[in-house]
Amino acid sequence: MRFFETAVAGAYHIEPDPFVDERGVFARTFCAETFAEKGLVERFVQTNTSFNPRKGTLRGLHWQDPPKGETKLVRATRGRLFDVVLDLRPESPTYLAHAGVELDADRRNALYVPVGCAHGFLTLSDDTEAFYLVSESYSPDHARAARWDDRAFAIAWPFAPTVISPRDATAEDFTP
Ligand SMILES: Cc1cn([C@H]2C[C@H](O)[C@@H](COP(=O)(O)OP(=O)(O)O[C@H]3O[C@H](C)C(=O)[C@H](O)[C@H]3O)O2)c(=O)[nH]c1=O
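Residues numbered from 1 in each chain as written. Predicted model: local features only at pLDDT ≥ 70, side-chain atom pairs only at ≥ 80, totals over all residues. Heavy atoms only, no water.

As named in an unreviewed UniProt entry, the protein is dTDP-4-dehydrorhamnose 3,5-epimerase, taken from Jiella sonneratiae. Per its UniProt entry, the protein bears the Subunit (unreviewed entry) comment "Homodimer." Its UniProt record, at the heading Catalytic activity (unreviewed entry), says of the protein: "dTDP-4-dehydro-6-deoxy-alpha-D-glucose = dTDP-4-dehydro-beta-L-rhamnose". (UniProt positions renumbered as here; feature names shortened; annotations may be inferred.)

This is the structure in structure tokens:
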């Protein structure tokens, strides 16, 4: 695995090192030892998957407040998606910055979203599936949302969503 810094401190775009032979492709997609060596979270307690039949589906931007903050390791296991990490850590040097990465099932790349950051994605093809490891269990009482088009963030999405939940579409303006 190769780790590339992004515009958000502590968030990494991860490219696999695939082993290709006549049978096909093998790639390690997570390794606790490697993650620990890099100072990243290496213990995950939940995995999530979301299947999105329509291109233009936007989920997010979501996070959980302390003490249920989540680190996420996100990949596309079908199709392609534009994955966004948004820094909501006031103490961070990149506070309110974001990074967007295209995750592609064929590339098998991933995005590491550190705790304290919001996460969301826009699907770039029909039948896109996201799969992600999460370091904290789900807690509705700590779940928070920010709006994809909030001017506080000026996120450069590839295009506007055509499918979005009422909760996400009406999330309140972010107040620092
Ligand atoms: C996240 C979650 C949700 N749920 C239940 C709650 C709802 O009844 C249903 C759908 O939840 P929601 O509409 O929040 O699903 P998404 O909009 O895909 O939420 C996710 O979207 C962005 C991209 C994320 O990064 C988070 O993982 C997560 O917030 O699943 C659970 O039972 N467990 C869970 O861990």
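### Structural notes on the pattern of salt bridges
One pass over the structure, following the stated rule, counts ten salt bridges. The residue Arg 80 makes a salt bridge to Glu 102 at a minimum N-O spacing of 2.8 Å. Remark: Glu 102 occurs in strand E9 (residues 98–104) and Arg 80 occurs in strand E8 (residues 80–87); sequence separation between them is 22 residues. Residue classification places Arg 80 among the partly exposed residues on the basis of a relative accessible area of 30%. Where Arg 89 meets Asp 87, a salt bridge forms, and the shortest distance between an N and an O atom there is 2.8 Å. Accessibility assignment for this pair places Arg 89 and Asp 87 in one class, buried. (Salt bridge = Lys/Arg side-chain N within 4 Å of Asp/Glu carboxyl O. Helix = DSSP H or I, 4+ residues; strand = E, 2+ residues; numbered from the N terminus. Buried < 20%, exposed > 50% of the residue type's maximum accessible area, 1.4 Å probe, protein only.)

### Brief notes about the site of the ligand
Around the ligand, the structure places Gln 46, Asn 48, Arg 59, His 62, Lys 72, His 119, Phe 121, Tyr 132, Tyr 138 and Arg 167. Within the contact set of the ligand, an oxygen atom lies 2.8 Å away from a side-chain nitrogen or oxygen of Lys 72. In the model, an oxygen atom of the ligand is placed 3.4 Å from a nitrogen or oxygen of the Arg 167 side chain. Look at the ligand: alone it shows 640 Å² of surface, and the protein chains cover 62% of it. Secondary-structure elements contributing two or more residues to the shell around the ligand are strand E5 (46–52), strand E6 (57–64) and strand E11 (117–123). Split into classes, the residues belonging to the shell around the ligand amount to three nonpolar, four polar and three charged. (Near = heavy atom within 4 Å. Polar contact = N/O pair within 3.5 Å; in protein donor to acceptor, adjacent residues only side chain to side chain. Areas by Shrake-Rupley, 256 points an atom, 1.4 Å probe, with all protein chains shown as cover. Nonpolar A, V, L, I, M, F, W, Y, C, P; charged D, E, K, R; others polar.)

### Brief notes about the sheet that holds strand E12 (residues 128–134)
Neighbouring strands of a sheet are bound in pairs by backbone hydrogen bonds; such pairs are parallel or else antiparallel. The sheet built from six strands is open, its strands ordered E1-E2-E10-E7-E12-E5 with antiparallel pairing. Two strands close off the open sheet at either side, each with one partner strand: strand E1 (2–5) and E5. The average undirected angle you get between the axes of adjacent strands in this sheet is 25 degrees. (Pairing = 2+ DSSP bridges. Axes fitted to C-alpha atoms, helices over the stretch in contact; angles between N-to-C directions.)

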